[in-house]
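# Inside the fold
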Amino acid sequence: MHEFSLVMSMLDLAEKAARADGARRISAVHLEIGALAGVVPEALEFAFEGARVGTMAENARLDVTYLPAIAYCATCQSEFELDNRFGIAVCPSCDTPSADLRQGRELQLAHLEVEE
Amino acid sequence: MSGPTETTAPAATPATDTRGSAPAEPAGSGIAAPAGSGIADPGRVVASATTRDVRVSPHGTAATPGARVVQVQKSLMVHNDGVAAANREAFRHSLVLNVVSSPGSGKTALLERTVRDLNGDLSVAIVVGDLETDNDAERLHAAGAPSVQIVTGTVCHLEAEMVARAVDQLDLGGLDVLVIENVGNLVCPAAWDLGEDLRVTMLSVTEGEDKPLKYPRIFKDADAVVINKIDIAQVVGFDRERALDSVRKVAPGARVFELSARTGEGVGEWIDYLRERRRLKASAMAAAATDAG
């Protein structure tokens, strides 16, 4: 249930950004989460429901975009999307395993919607 | 390997609950998309605090009437990563390991042996995280290493700040190796950088050969993978080739050690690896100091 820690961090960043913009309420929070970030969507939502109480985001909507895992093949010098959930990165063109993950670990607060 | 049975893990395809396949709205329209329009895969639940499916136009206009968009673009880990960077600076004289595994894989047993085998020519200290009790710190202290217990209460992983507070009790200047034994958990610790040089992920032969496939992130980030309890591998029917294959698939760059912390079999190679990495870090630091001077 590390999602609670993530949500606390998210609310902290969101409130700072909203205040800096002169807003009083946060109406939506948009996250980008990588496919290999180890986040369980239901746990994230559950944590958000609890943690937002008493914050500027008390009535905010939580939007999440999941980003696919992308690795880099040094042989082909090109990126490819992982075709499985297991983190197995094998280049579809040349079958070489890759340890170079370029996308998939993201835990990013992308943007907010705020109101006066 | 049998087919996957879980349906809730994020798949390797983008699932957006805000954009979906609907055409972009012109700026300022502020019209909410119909509920559920962006969710194609019913097997995956996309987090949304309400059932409304709202999107933001490409021009940055808020989908909620009267609201405006504030770009943030910051990692949720930004605070932790900052503390981890400070830890890394404080740890510049020591080789630092972050050891993660399931509960019961033998982290503490391996560290007891590591402390005994390294002590004499290298000084070792341990920071150990558990939800409750200081039993592990007691064991490691008895093995001969200064040990600090972090009792996390309900927190399922260590964070950089907890480690920073814990090492206040240690003399980092004279320390060759610092081992951070994370909370026994293969999911939660993955995202938290503690300021370590090496991430060590352990599994034991009783846990199933496909563990790396079940917990890909924590194995993927591993610099070293330790397979423990090989002394009982035969008794429990451990399929060594299948396990090694799983590790190589998920973590092709990781060094793999097969050992028994209990009998000592295979531990020599692990100890040599730590000595070598410690030596490499010390020379890199010395070279950097010369350059700076």
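That block above? That's the structure.
Here the structure is a predicted model, which means the values were calculated and not measured.

### A short note on the overall build of chain A
- Within chain A, the secondary structure is distributed over two helices and six strands.
- For chain A, the α and β elements follow one another from N to C terminus as α-β-α-β-β-β-β-β.
- With respect to the three principal axes, the spread of C-alpha positions in chain A is 55 × 30 × 15 Å.
- For chain A, the separation between the mean place of its 9 positive charges and that of its 19 negative charges on side chains is 6 Å.

### Concerning the side chain of Asp176 of chain B
Residue and element names in this part refer to chain B.
- Relative to the elements of secondary structure, Asp176 occurs in the loop between α4 (160-167) and β6 (177-181).
- In terms of polar contacts, Asp176 uses its side chain to reach the side chain of Arg278, at 3.2 Å.
- If sequence neighbours within four positions are ignored, Asp176 has contacts with His93, Ser94, Leu95, Asp121, Leu122, Ser123 and Arg278.

### Some remarks on the packing of aromatic side chains
Residues and elements named next belong to chain B.
- For the coordinates displayed, the defined rule picks out three aromatic pairs over all chains.
- When the ring of Phe257 is compared with that of Trp270, the centres are 5.6 Å apart and the planes differ by 75 degrees; the resulting orientation is edge-to-face. Of this pair, Phe257 sits in strand β9 (residues 255-258) while Trp270 sits in helix α8 (residues 267-292), and the two are 13 residues apart along the sequence.
- Using a relative accessible area of 1% as the deciding quantity, one classes Phe257 as buried.
- Relative to Tyr273, the ring of Phe257 lies with its centre 4.9 Å away and its plane at 50 degrees, an arrangement referred to as tilted.

### A closer look at the sheet that holds β9 of chain B
Residue and element names in this part refer to chain B.
- Strand order in the open sheet formed by seven strands is β5-β4-β6-β3-β7-β8-β9, with parallel pairing between adjacent strands. Edge positions in the sheet fall to β5 (147-151) and β9, since each of these pairs with one other strand and no more. Ignoring which end each strand starts from, the neighbouring axes of this sheet average 20 degrees apart.
- The pairing of strand β3 (residues 95-100) with strand β7 (residues 198-204) spans four bridges and is classified as parallel. By the bridge assignment, Asn98 is partnered in β7 with Arg199.
- Sitting on the sheet, helix α2 (residues 107-118) touches β3, β4 (124-130), β6, β7 and β8 (224-228), and the angle it makes with β6 is about 170 degrees.
- Lying on the sheet, helix α7 (residues 240-250) is in contact with β8 and β9; it crosses β9 at an angle near 155 degrees.

### Brief notes about helix α1 (residues 3-20) of chain A
- Taking 1.5 Å per residue as the helical rise, α1 of chain A with its 18 residues ought to reach 26 Å, and the 26 Å between its terminal C-alpha atoms agrees with that figure.
- What α1 of chain A keeps buried is the set Glu3, Ser5, Leu6, Val7, Ser9, Met10, Leu11, Leu13, Ala14, Glu15, Ala17 and Ala18 of chain A.
- Its buried side turned inward, α1 of chain A meets β1 (25-34), α2 (41-51), β2 (61-67) and β6 (107-115) of chain A together with β2 (68-75) and α1 (78-90) of chain B.

### Section: the environment of Phe219 of chain B
- Tracing the chain through its elements places Phe219 of chain B in helix α6 (residues 216-220).
- Not counting residues within four places of it along the chain, the set of residues in contact with Phe219 of chain B comprises Leu186, Thr201, Leu203, Lys211, Pro212, Val225, Val250 and Ala251 of chain B.

### Things to note about the sheet that holds strand β5 (residues 101-103) of chain A
All names here are of chain A.
- If you trace the three strands from one edge of the open sheet to the other, you get β4-β3-β5, paired in antiparallel fashion. Strands with a single pairing partner mark the edges of an open sheet, and in this sheet they are β4 (78-81) and β5. Neighbour-to-neighbour, the strand axes of the sheet open up by a mean angle of 40 degrees, direction not taken into account.
- Here four bridges tie strand β3 (residues 70-73) to β4, and the two strands are oriented antiparallel to one another. Across the sheet, Cys73 pairs through a bridge with Ser78, a residue of β4.

Here is what the cut-offs are and how they apply
- Residues numbered from 1 in each chain as written.
- Chains lettered and ligands numbered in written order.
- Predicted model: local features only at pLDDT ≥ 70, side-chain atom pairs only at ≥ 80, totals over all residues.
- Heavy atoms only, no water.
- Helix = DSSP H or I, 4+ residues; strand = E, 2+ residues; numbered from the N terminus.
- Lys, Arg positive; Asp, Glu negative; His and termini not counted.
- Charge placed at Lys NZ, Arg CZ, Asp CG, Glu CD.
- Polar contact = N/O pair within 3.5 Å; in protein donor to acceptor, adjacent residues only side chain to side chain.
- Contact = heavy atoms within 4.5 Å.
- Phe/Tyr/Trp six-rings, centres within 6.5 Å; stacked < 30°, edge-to-face > 60°.
- Buried < 20%, exposed > 50% of the residue type's maximum accessible area, 1.4 Å probe, protein only.
- Pairing = 2+ DSSP bridges.
- Axes fitted to C-alpha atoms, helices over the stretch in contact; angles between N-to-C directions.
- Expected span 1.5 Å × (residues − 1).

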